[in-house]
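Notes for the structure review
What follows is the residue order along each chain.
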Amino acid sequence: MDSLFLKRNNAVAVNGGQAQGVDGINEAGSDWYWAVFAVMAFSMLVFSGMTLRIPRGERIFHYITILIVAVASIAYYTMASNLGSAAVAIEFANYSSDPYRQVFYARYIDWFVTTPLLLLDLLLLAGLEWSQIIFVVVMDEIMVVTGLVGALTPSSYKWGYWTFGMVAYFLVAYVLIFEARKNALRIGSDVHRVYIGVAVWTAFLWTLYPVAWGLSEGGNVTSSDGEAVFYGVLDILAKPVFGLWILLGHRGIGLDRLGLVEGRTYLGNGVTGSGREKDVVLGSDHHRNNSTGVAAPAAHTAGAAPAHTTGAAPINGTTAPVTQV
């Protein structure tokens with residue numbers, strides 16, 4: 001009977017254990033990573049279930065949010081298994097006298113993929129132009145890459161990379177809080193209300209990540225297990241909580257108001273999708289026909305004779321012959 005209550009998490013021991021002279025996670029840290037993995041995986045299932053209730057052409061925010069927690073699930077599975085890390089020489093012997101510290105590069109791979117998706121969720125909601133979206137995403141990638149390079153740097157030069165990352169972060173935060181907020185307000189008060197709440201929440205949480213970095217990979221102030229808790233709490237708040245907030249918040253906001261229309265699928269002469277999508281597609285067909293000079297067929301009227309044309313009809317600035325009937 002006692003064997004039923006034995007702890008079964010031996011991932012740290014199986015995958016290398018704690019190397020001599022390296023401050024790495026122990027069993028408690030691995031347990032915490034497994035707990036965060038479970039939250040991410042469960043969130044992915046919940047968001048997938050929510051997607052089933054949304055018309056296929058209106059699922060863009062759901063797909064993005066599912067990808068966020070799906071990638072995070074893989075990252076936390078990796079870290080809980082004591083994989084995806086490297087031993088880096090410490091600069092300060094604050095927490096431990098061990099000359100090396102475990103740095104999870106898997107965490108940065110996660111952020112490299114998921115943080116642009118988080119920003120895409122926000123900036124598409126605000127209806128921001130693609131030029132600004134690309135700028136913000138590239139600044140975000142700079143922030144993540146400089147954080148990784150700094151974490152892998154054993155000397156004081158790591159703080160130069162930390163500074164580069166902070167400059168990139170402030171540019172991202174400026175667009176989120178000022179530029180994108182103004183654009184969301186122009187779309188409507190309901191869009192602005194949802195956007196400003198999620199954007200401020202995200203910007204606040206993201207200011208805490210450099211603090212966690214400075215206390216762990218940077219300054220070696222906290223243990224690897226303490227690092228796991230700090231980053232794990234932030235990731236739960238910044239991904240599953242963020243995702244649920246944005247999916248519930250934008251339910252009454254049509255994609256056409258945000259400049260996003262999907263689901264243009266034809267079956268024979270008909271159009272599938274929601275009523276709004278049909279209107280957009282049929283309207284675009286009408287515009288295309290008019291722009292090319294193709295006239296819609298006229299309805300046949302009983303007793304009416306076909307028109308007799310002797311001239312030529314101009315088409316796109318040229319003269320085309322017309323057959324006489």
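Up top you'll find the structure we're talking about.
Residues numbered from 1 in each chain as written. Predicted model: local features only at pLDDT ≥ 70, side-chain atom pairs only at ≥ 80, totals over all residues. Heavy atoms only, no water.

**Here's the deal with the overall build of the protein chain**
A count of helices and strands for the protein chain gives nine helices and seven strands. Residue burial in the protein chain is summarised as follows: out of 325 residues, 43% are buried. When contacts within the protein chain are restricted to residue pairs at least 6 apart in sequence, those whose partners lie at least 24 apart make up 69%. For the protein chain, the computed accessible surface area is about 17000 Å², with 66% contributed by carbon and sulfur atoms. (Helix = DSSP H or I, 4+ residues; strand = E, 2+ residues; numbered from the N terminus. Buried < 20%, exposed > 50% of the residue type's maximum accessible area, 1.4 Å probe, protein only. Contact = heavy atoms within 4.5 Å. Areas by Shrake-Rupley, 256 points an atom, 1.4 Å probe, with all protein chains shown as cover.)

**Some points on empty space enclosed by the protein**
Evaluation of the coordinates by the stated rule reveals three cavities of 30 Å³ or more. The calculated volume of the largest cavity comes to roughly 340 Å³. Considering the residues around the largest cavity, the lining is formed by 22 residues, among which Trp 111, Met 143, Val 144, Tyr 209 and Pro 210 are closest to the centre. Of all the elements in the fold, those that place two or more residues in the lining of the largest cavity are helix H4 (105-125), helix H5 (130-151), helix H6 (158-187), helix H7 (189-218) and helix H8 (224-249). Here the residues of the lining of the largest cavity sort into 16 nonpolar, four polar and two charged. Space inside the second largest cavity adds up to approximately 60 Å³. The wall of the second largest cavity is formed by Val 88, Ala 89, Ile 90, Glu 91, Arg 101, Val 103, Ala 151, Lys 158, Ser 216, Glu 217, Gly 218 and Asn 220. Secondary structure elements with two or more residues in the lining of the second largest cavity: strand S2 (85-89), strand S3 (100-104) and H7. When residues of the lining of the second largest cavity are assigned to their parent elements, the largest contribution, three residues, is made by H7. (1 Å grid on protein atoms, 1.4 Å probe; cavity = no way out; pocket = protein on both sides within 12 Å on 5 of 7 lines; lining within 4 Å. Points joined across faces, edges and corners; volume = space filled by probe spheres on them. Nonpolar A, V, L, I, M, F, W, Y, C, P; charged D, E, K, R; others polar.)

**Things to note about the pattern of salt bridges**
Any two side chains of opposite charge can pair, given that their charged atoms come close. Scanning all chains against the criterion turns up five salt bridges. Linking Glu 227 and Arg 107 is a salt bridge whose minimum nitrogen-to-oxygen distance equals 3.1 Å. On the criterion of sequence distance, the pair formed by Glu 227 in helix H8 and Arg 107 in helix H4 is long-range, its members being 120 residues apart. Accessibility classification places Glu 227 together with Arg 107 in one group, the buried group. The partner of Asp 190 in a salt bridge is Arg 257, and the shortest N-O contact between them spans 2.8 Å. Remark: Arg 257 occurs in the loop between H8 and strand S4 (265-267) and Asp 190 occurs in helix H7; sequence separation between them is 67 residues. Residue classification places Asp 190 among the partly exposed positions, given a relative accessible area of 22%. A cluster of three or more residues bridged by salt bridges with shared partners is formed by Asp 23, Arg 101, Arg 107 and Glu 227. (Salt bridge = Lys/Arg side-chain N within 4 Å of Asp/Glu carboxyl O.)

**Side note on H7**
The terminal C-alpha atoms of H7, which comprises 30 residues, lie 42 Å apart, in line with the 44 Å expected from a rise of 1.5 Å per residue. At Ala 212, H7 is deflected by roughly 25 degrees, the largest bend along its length. Count one or two residues on from H7 and you reach Asn 220, which has phi positive near 55 degrees. (Expected span 1.5 Å × (residues − 1). Bend = angle between axes of the 7 residues up to and from the residue.)

**Focus: unusual backbone geometry**
Of note in this structure, Asn 82 is not a glycine but carries a positive phi near 65 degrees. Mapping Asn 82 onto the fold places it in the loop between helix H3 (60-80) and S2. The buried category is assigned to Asn 82, whose relative accessible area is 7%.

**Quick notes on the pairing of S3**
For S3, the buried fraction is high: four of the five residues fall into the buried class. Inspection of the sheet shows strand S1 (residues 22-23) paired to S3 by two bridges, in the parallel sense. Considered in S3, the bridge of Val 22 is made with Tyr 100. Both S2 and S3 contribute to a ladder of five bridges, which runs antiparallel. Opposite Ser 85, over in S3, you have Phe 104 as the bridge partner. (Pairing = 2+ DSSP bridges.)

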